[in-house]
Amino acid sequence: MGMELYLDLLSASCRAVYIFVKKNNIPFDFQFVDLLQGHHHSKEYMEINPLKKLPSLKDGNFILSESVAILLYLCRKYSAPSHWYPPDLHMRARVDEFMAWQHTAIQLPMSKILWIKLLIPMITGEEVPAGKTKEILDEVNKNMQLFEEKFLQDKMFITGDNISLADVVALVEMMQPMAGNHNVFHNSPKLAEWRTRVELTIGSGLFLEAHERLKKLTEWDCSTLDPTVKERVSKLLQKFK
Amino acid sequence: MGLELYLDLLSQPSRAVYIFAKKNGIPFELRNVELLKGQHLSKEFFPVNSLQRVPTLKDGDFVLSESVAILIYLSFKYQTADHWYPSDLQARVRIHEYLGWHADRIRGTFGVSLWTQVLAPLIGAQVPEEKVKRNRTNIDKALQHLEDKFLGHKAFLTSQQVTLADLMALEELMQVVAVGYPLFEGRPRLAAWRERVEAFLGTDLCQEAHGPIFHIVEQAANKTLPQPSPDFYPNMLLRISMIP
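Anyway, here's the lowdown on the structure attached to this text. (Residues numbered from 1 in each chain as written. Chains lettered and ligands numbered in written order. Predicted model: local features only at pLDDT ≥ 70, side-chain atom pairs only at ≥ 80, totals over all residues. Heavy atoms only, no water.)

## Some details on the sheet that holds strand β1 (residues 4–7) of chain A
All names here are of chain A.
Right, so step 1: Reading across from one edge, β2-β1-β3-β4 is the order of the four strands in this open sheet, with mixed pairing throughout. The sheet is open, and its two edges are formed by β2 (29–32) and β4 (62–65), each paired on a single side. For this sheet, the mean angle separating the axes of adjacent strands, direction not counted, is 20°.
Right, so step 2: Contacts from helix α1 (residues 12–23) reach β1 and β2 within the one sheet, and its direction differs from that of β1 by about 145°.
Right, so step 3: Contacts between helix α3 (residues 67–77) and the sheet are confined to β3 (56–59) and β4, with β4 contributing the most and set at about 130° to the helix. (Pairing = 2+ DSSP bridges. Helix = DSSP H or I, 4+ residues; strand = E, 2+ residues; numbered from the N terminus. Axes fitted to C-alpha atoms, helices over the stretch in contact; angles between N-to-C directions. Contact = heavy atoms within 4.5 Å.)

## As for unusual backbone geometry
Right, so step 1: Following Leu54(A), the chain continues to Pro55(A) via a peptide bond in cis, the omega torsion being -5°.
Right, so step 2: Summarising the element assignment, Pro55(A) is placed in the loop between α2 (43–48) and β3.
Right, so step 3: Across the junction of Val54(B) and Pro55(B), the peptide omega takes the value 0°, indicating a cis bond.
Right, so step 4: Within the secondary structure, Pro55(B) is located in the loop between β2 (29–32) and β3 (56–59).
Right, so step 5: The backbone of Asn25(A) sits at a positive phi, close to 50°, despite the residue not being glycine.
Right, so step 6: With respect to the helices and strands, the residue Asn25(A) is situated in the loop between α1 and β2.
Right, so step 7: Under the relative-accessibility criterion, Asn25(A) is labelled exposed at 68%.
Right, so step 8: Of note in this structure, Lys223(B) is not a glycine but carries a positive phi near 55°.
Right, so step 9: Relative to the helices and strands, Lys223(B) resides in the loop between α8 (203–221) and α9 (233–241).
Right, so step 10: On the accessibility criterion, Lys223(B) (73% relative accessible area) is exposed. (Buried < 20%, exposed > 50% of the residue type's maximum accessible area, 1.4 Å probe, protein only.)

Below you can see the structure in the form of structure tokens.
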């Protein structure tokens, strides 16, 4: 059994890993763990990752979770071209800095938008109050501005002339709200250009393939959803009220 | 001008950077940025770091934020002992695995207690009881995971030696202890881990780094805490409203 990657491409973190391995022709077995069916909570998966999170990597006896850890592991193990995680101390630090910052500044709010605009209304039949929605959209707009002014600036990519792990992680997360019909790039031509540049560098075919499942999320029939999960989503809605 | 570290020892990630630099004998100029006075939002600090956050490192023209990035940078630049951030691939990525989980489950959650116990009351605000309870539950769940999934029966979180992961974790846990939740009580494995980390770092260094946060409750009670300027209130209130 070769290296296994446990993924559901609905998750931005999974897409980052998927895009990286495909782009670098790293051989792996795709193990689909269906988030919509709650398979990440199954006994089988909990043996792989007791924290029930995706993505996970299994390389022989070595099991690893957390997408940033997985990306760094793959980079070094498969000797990916150095621009992905530059050896230069300052450039590498920029990637580390972005990877740390993005957890709360990008990943979390982008995921919240998807919940607010699509998943909560779809599952509970109720909308999140407008005030709370605005608060989260304002936060996202502010952070997109910070991303442009501090991380991207006038460069082609976050570290300069070449794509790195940071650009892939950033973009896949910023794609998450698209499934809720929300485009975070439309306010800034510079960011829209960067987005296109990253997509083309990855390869449009691969990029679109990676985002296919996210795109189809609006078609999901959630009536088959486990009642306990539906209950949890309702509780989530209460937190937004 | 040598290495400058812009820090506030009230901040968990600031302490992690401070302790790391001191323990490793890394020469630096300490630039105190008082969060309670809103100095991180000041006009003066903005040119240093437009993200308006601490800790910030300034090495000549190179400015870096985010404690993890700073710790990794310092470990490379000053060639610190291998155990902090091992060159062995599997050992190294275990640290990143911990830090990824830490970013979601520890960071943010463990900082809430200072707000509920000290900072909100300081400006006459109150955090709803429901949120305080939820935070306590989240803390307890995170501690359970920390003990079971990361520490297990090892000496330290990701290996048998102290790493950057232990430093980051320790400072978050100390934040909660400092404002009155004795989270090590009833958790002997975690308590033993804490003792091992502090023994490694040295009592003097720990006392020095933890001094300000451990005095803050007393200062709040004696009303000797600096009162934040009213300009800073909206920012603080927004932060309070974002507590889940």
